[in-house]
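So you can see what is in the structure, the chains are spelled out below.
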Amino acid sequence: MARGVLHPKIYDTEASGDLLTLASMTGFARADATLGPLSWTWEVKSVNGRALDVRCRLPSGLEALELPARQLVAARLKRGNVNLALQVSRAASATLYRLNRELLHQLAGIVREAEEIVDAAAPRIDGLLGLRGVIEVVEAEDSASDRQARDALMLESLGVALDRLAAARLEEGVRLGAVLEAQIAEMDRLTGQAAAAAAARPETLKARLREQIAALMEAGAGLPEERLAQEVALLVTRGDVREELDRLRSHIAAGRELLTAGDPAGAGRRLDFLSQEFNREANTLCSKSGDVELTRIGLDLKLVIDRFREQVQ
């Protein structure tokens, strides 16, 4: 058999030495190869999935490639719904044909029998040869070693396609990482605003309480300063958001660490869990807030967190 010719790799993630920390689960790649009269194309695409789910579509007679193909995918990818499709064609010049003598004899007998019943011209030989099944395509008989060489080269070309897919997913991961970085920076900014608004709350609450008391007191009698301080302290305690702000800062630090950690496979799940924690603290912040400004900041924070979680998922 002729030696196979593979198209060169576009991406080589192992040789780059600069592995990215985040990988998307979506991507598409293909690889072509030839071996003598045979040519084939692998198409590989992946979309989001909670785990690794591989589906293969192989031509008849090549089912033995499915198990090693799945193993190649599992060695390179950890998550995503991955679809493999193999298309094989043979050069027309290499196609062999043969005459189906048995069928042709049957047709000739039918023609002779028909001539005895119907007065009509006999069919021409080209008409008989044009009937389905009279001319058969002969599949080339490959030896065991030829089939082994063919399968090995097909799997090698699948590896090329998977390398390209992994590289495409890493490139997409770079873009997603930049988006997530920006969203975490926005959370950090809003958390700082929330902290500043919360720090000003005691004096705001005290002034508001004075106004309310003044409106209720008909005779203008004042409330003792000690009682006013007690009421303010009670309101401040009920609306104390320092713990929520501390946890938000901790989650922000954890998110930044995950975006730069060398664990692309596990970063997605951890970031998804972290986004739930972000949302929990933002909800508590809004529920405790008795201030319009702090509520606005909390709602803006929830909006950013929702976008963050969508990107992570």
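Bear in mind that the values here come from a model prediction, so they are computed numbers and not experimental data.

## Quick look at helix α3 (residues 101-115)
Right, so step 1: With 15 residues, α3 extends 21 Å between its outermost C-alpha atoms, agreeing within 8% with the 21 Å of an ideal straight helix rising 1.5 Å per residue.
Right, so step 2: Where α3 is concerned, the buried positions are Leu104, Leu107 and Val111. In a view along the axis of α3, the buried residues occupy a sector of 60°, so they form one face of it. When the buried face of α3 is taken as reference, the exposed residues oriented beyond 90 degrees from it are Glu102, His105, Ile110, Arg112 and Glu113.
Right, so step 3: Buried positions along α3 lie against β6 (96-99) and α4 (125-129).

## Details of the environment of Leu107
Right, so step 1: Its place among the elements puts Leu107 in helix α3.
Right, so step 2: On a C-alpha basis, the gap between Leu107 and Val134 in space is 9.3 Å, while along the polypeptide they are 27 residues apart.
Right, so step 3: Apart from the residues within four sequence positions on either side, Leu107 is in contact with Leu128, Leu131 and Val134.

## So, the pairing of strand β5 (residues 80-90)
Right, so step 1: As paired elements, strand β3 (residues 38-47) and β5 share ten bridges and run antiparallel to each other. Bridge pairing in β5 links Ser46 to Val82.
Right, so step 2: With six bridges joining them, strand β4 (residues 52-57) and β5 adopt parallel strand pairing. Pairing of Leu52 across the sheet is with Gly80, part of β5.
Right, so step 3: With respect to chirality, the unit in which β4 leads through helix α2 (residues 66-76) into the neighbouring parallel β5 is left-handed.

## Looking at the confidence of the model for the protein chain
Right, so step 1: For the protein chain, mean pLDDT is 78; residues scoring 70 or higher make up 75% of the total.
Right, so step 2: Segment residues 1-20: pLDDT under 50, and 37 contacts once partners within four positions in sequence are set aside and those in other chains are kept.

## Some details on the nonpolar core
One recurring pattern in soluble globular proteins: nonpolar side chains tend to sit buried together.
Right, so step 1: Within the largest apolar cluster, 28 residues are counted, with the highest numbers of intra-cluster contacts made by Met187, Leu245, Leu271, Phe278, Leu301 and Phe308.
Right, so step 2: Residue assignment for this core shows that the elements contributing at least two residues are α5 (144-199), α8 (242-260), α9 (264-288) and α10 (292-312).
Right, so step 3: When residues in this core are grouped by element, the largest group, eight residues, is from α5.
Right, so step 4: Met187 has contacts with Ile252, Phe278, Leu301, Val304, Ile305 and Phe308, leaving out every residue within four places of it along the chain.
Right, so step 5: Grouped together as the second largest cluster of nonpolar side chains are 27 residues, Ala29, Val44, Ala69 and Leu158 included.

## Here's the deal with the pattern of salt bridges
Right, so step 1: For the structure shown, the criterion picks out 17 salt bridges.
Right, so step 2: Linking Arg150 and Asp151 is a salt bridge whose minimum nitrogen-to-oxygen distance equals 2.9 Å.
Right, so step 3: Ionic pairing is found between Arg175 and Glu172, a salt bridge with its closest N-O pair at 2.9 Å. Residue Arg175 and its partner Glu172 are located together in helix α5, separated by three residues, close to a single helical turn.
Right, so step 4: One network of salt bridges, in which partners are shared, links Glu243, Glu244, Arg247 and Glu281.

## Structural notes on the packing of aromatic side chains
Right, so step 1: By the definition in use, this model includes one aromatic pair.
Right, so step 2: Look at Phe278 and Phe308: their rings are 6.0 Å apart centre to centre, the planes differ by 85°, and that puts the pair in the edge-to-face class. Remark: Phe308 occurs in helix α10 and Phe278 occurs in helix α9; sequence separation between them is 30 residues. Each member of the pair, Phe278 together with Phe308, is buried.

## Digging into a nonpolar patch on the surface
Right, so step 1: On the surface, Tyr97, Leu99, Ile125, Leu129 and Ile135 cluster together to form a nonpolar patch covering roughly 470 Å² of accessible area.
Right, so step 2: For the nonpolar patch, the elements supplying multiple residues, two or more each, are β6 and α4.
Right, so step 3: Tracing the chain through its elements places Ile135 in strand β7 (residues 135-138).
Right, so step 4: Using a relative accessible area of 39% as the deciding quantity, one classes Ile135 as partly exposed.

Calculation criteria
- Residues numbered from 1 in each chain as written.
- Predicted model: local features only at pLDDT ≥ 70, side-chain atom pairs only at ≥ 80, totals over all residues.
- Heavy atoms only, no water.
- Helix = DSSP H or I, 4+ residues; strand = E, 2+ residues; numbered from the N terminus.
- Expected span 1.5 Å × (residues − 1).
- Buried < 20%, exposed > 50% of the residue type's maximum accessible area, 1.4 Å probe, protein only.
- Arc of directions from axis to C-beta.
- Contact = heavy atoms within 4.5 Å.
- Pairing = 2+ DSSP bridges.
- Right-handed = clockwise from strand over helix to strand, strands pointing away.
- pLDDT = per-residue confidence, 0-100.
- Core = buried A, V, L, I, M, F, W, Y, C linked by side-chain atoms within 4.5 Å.
- Salt bridge = Lys/Arg side-chain N within 4 Å of Asp/Glu carboxyl O.
- Phe/Tyr/Trp six-rings, centres within 6.5 Å; stacked < 30°, edge-to-face > 60°.
- Patch = residues over 30% accessible without salt bridge, like charges linked within 9 Å, V, L, I, M, F, W, Y side chains within 5 Å.
- Areas by Shrake-Rupley, 256 points an atom, 1.4 Å probe, with all protein chains shown as cover.

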